[in-house]
Amino acid sequence: MTQDKSKTGEKPLKPAESSGLSALKALVEGFATTARHLARKPITESYPEVKRQLPERSRARIVLTRDPDGRERCVACYLCSAVCPVSCISMQSAEQPDGRRYARWFRINFGRCIYCGLCEEACPTSAIQLTPDFENVQRDILTLVFEKKDLLVDGCGKDPSYNFYEHAGVTTDERGKGEHASEAPPVNVKSNLP
């Protein structure tokens, strides 16, 4: 069963549009574009001497940042390793005597990393961040496995004022429930009973 083209809104093809002449015209236009570019002189940039300006949001080498107090931001929540599509991030969690969690060891295999940025988006503490530093080529693939000491930087990264333990509501020796920034005091559950 064929549909009437006037009812579907499609224009019927004219004989000239469906002929081999229009296909030949398109083929000649394509070859003309190729011929124009073949006649141009190639532009070669010597890479180490001339470095291109990268876009602002370019993502490359991963670093671990510190909070404004100078302590590690990573709380070893395993979200970055869970979201990683190639499973290149691994860590082990531990807890300090004051109640703060930290990563006992943190490891990224840059030989497997695809620099997708999902780990940065999943991190609740802004600890793991991608930098525009893309020059990370090694001859030996085992040297692309970076440990925590290689990844940890002294700065706060893209969000210098954020401190997870001031906003998270996690009880530590420094603050209890209801004592964090913008946090309401805890509700007495027994007073809510009917």
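Since the structure is predicted, the reported quantities are computational estimates derived from the model, not experimental observations. (Residues numbered from 1 in each chain as written. Predicted model: local features only at pLDDT ≥ 70, side-chain atom pairs only at ≥ 80, totals over all residues. Heavy atoms only, no water.)

**Thoughts on the environment of Arg101**
In this structure, Arg101 sits in strand S3 (residues 101–109). Sequence-wise, Arg101 and Glu72 are 29 residues apart; in three dimensions their C-alpha atoms are separated by 9.6 Å. Of note is the side chain of Arg101, whose polar atom sits 3.0 Å from the backbone oxygen of Val75. Within the local environment of Arg101, its side chain forms a polar contact with the backbone oxygen of Ala76, the two atoms lying 2.5 Å apart. (Helix = DSSP H or I, 4+ residues; strand = E, 2+ residues; numbered from the N terminus. Polar contact = N/O pair within 3.5 Å; in protein donor to acceptor, adjacent residues only side chain to side chain.)

**Quick look at the sheet that holds S3**
Spatial strand order, S2-S3-S5: three strands in an open sheet with antiparallel pairing. The open sheet has two edge strands with one neighbour each: strand S2 (89–95) and strand S5 (145–147). Across this sheet, the average inter-strand angle for adjacent strands is 15°, counted without regard to direction. As paired elements, S3 and S5 share three bridges and run antiparallel to each other. Pairing of Asn109 across the sheet is with Val145, part of S5. (Pairing = 2+ DSSP bridges. Axes fitted to C-alpha atoms, helices over the stretch in contact; angles between N-to-C directions.)

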